[in-house]
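# Residue-level structure breakdown
The primary structure of each chain is shown beneath.
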Amino acid sequence: MDATSLAGLRRTYEGRPLLETDVAADPITQFTRWFEEALEAGLPEPNAMVVATASAGGRPSARTVLLKGYDEQGFVFFTNYESRKGRDLAENARASLLFPWHPIRRQVRVEGSVARLTHEESAAYFNSRPYGSRIAAWASRQSAVVRSREELDARYAELAARWPEEPPVPDFWGGFRVVPTEVEFWQGQLERMHDRLRYRRVHPGWVLERLAP
């Protein structure tokens, strides 16, 4: 498909104006408002977010993961620490998150520093997961090359036989918390004149700024 064909793929965005007077004083409260509206709108997996990282050398990568918790401290997700994103974050402890809520013409973007959760926090979540997901965390050396699907399935079967009930928490698996320094709320509008409001951390609070679309 050439550029001319792609140029014709256009949609009209129209939504309620996003005004400074209508948003919360802090980004976490505002995120909660929008997240609840995404749930009410019936969006599939509104907690799906793109996590972008970069290596120490600046090589970027991005992938979709699921948000598993958030509060005033930040946004939490879980992964294999030996995966590519885990290695990136060990070298360069910063990340960007993007919630692409296209059906309601909204996006939320988060930037911040990243810290590992405690073992106790990771264990509490791990033990709440379905049994199959816990075995899969052991079976998959995430981002590593495997010879075949059969090899992967055999590894899963071997570990399920080893731990038929309660697999332990892997030492190479756990949670990260993205501690936000910026949170941007994007609302689509007509003629590409979109609303963009950004909260920027200025200790001990936040400053609210409007960005040009």
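What this report covers is the structure whose coordinates are included nearby. Along each chain, residue indices are assigned from 1 in the same order as the chain's sequence is written. In keeping with the predicted nature of the model, local features appear solely for residues at pLDDT of at least 70, side-chain atom pairs appear and are counted solely at 80 or more, and the whole-chain, interface and lining totals rest on all residues. Hydrogens are left out, water is left out, and the side-chain values use all remaining heavy atoms of the structure.

Let us now look at the pairing of strand β6 (residues 106-116). A pair of strands counts as paired when DSSP detects no fewer than two bridges linking them. Numbering of helices and strands starts at the N terminus; helices are DSSP runs of H or I of at least 4 residues and strands are runs of E of at least 2. As judged from the 8 bridges shared by strand β5 (residues 94-101) and β6, these two strands associate in the antiparallel manner. Within the sheet, the bridge partner assigned to Ser96 lies in β6 and is Glu111. The turn joining β5 and β6, which pair antiparallel and follow one another in sequence, is formed by 4 residues; a positive phi near 60° is taken by Arg105. In terms of strand pairing, β6 meets strand β7 (residues 173-187) through 11 bridges, oriented antiparallel. When the sheet's bridge partners are listed, Glu111 is paired in β7 with Glu182.

This paragraph deals with the side chain of Ser122. With respect to the secondary-structure elements, Ser122 resides in helix α4 (residues 119-126). Overall, Ser122 belongs to the buried group, its relative accessible area being 3%. Here, two residues are considered to be in contact whenever any of their heavy atoms come within 4.5 Å of each other. If we ignore the near neighbours within four places in the chain, the residues touching Ser122 are Phe78, Tyr81, Leu117, Trp173, Gly174 and Gly175. Partly exposed residues are those whose accessible area sits between 20% and 50% of the maximum for their type, while under 20% is buried and over 50% is exposed, using a 1.4 Å probe and protein chains only.

By size, the foremost hydrophobic cluster in this structure holds 31 residues, and its most contacted members are Phe31, Trp101 and Val108. When contributions to this core are tallied by element, the ones reaching two or more residues are α2 (27-40), β1 (48-54), β4 (74-80), β5, β6, β7 and β8 (195-202). For this core, the element with the most residues is α2, which contributes 5 residues. If we ignore the near neighbours within four places in the chain, the residues touching Trp101 are Phe31, Trp34, Phe35, Ala38, Leu43, Pro46, Arg106 and Val108. Side-chain atoms within 4.5 Å are what join buried Ala, Val, Leu, Ile, Met, Phe, Trp, Tyr and Cys residues into a set we call a nonpolar core. Among the nonpolar cores identified, the runner-up in size contains 15 residues, and Leu159, Ala160, Phe172 and Trp173 belong to it.

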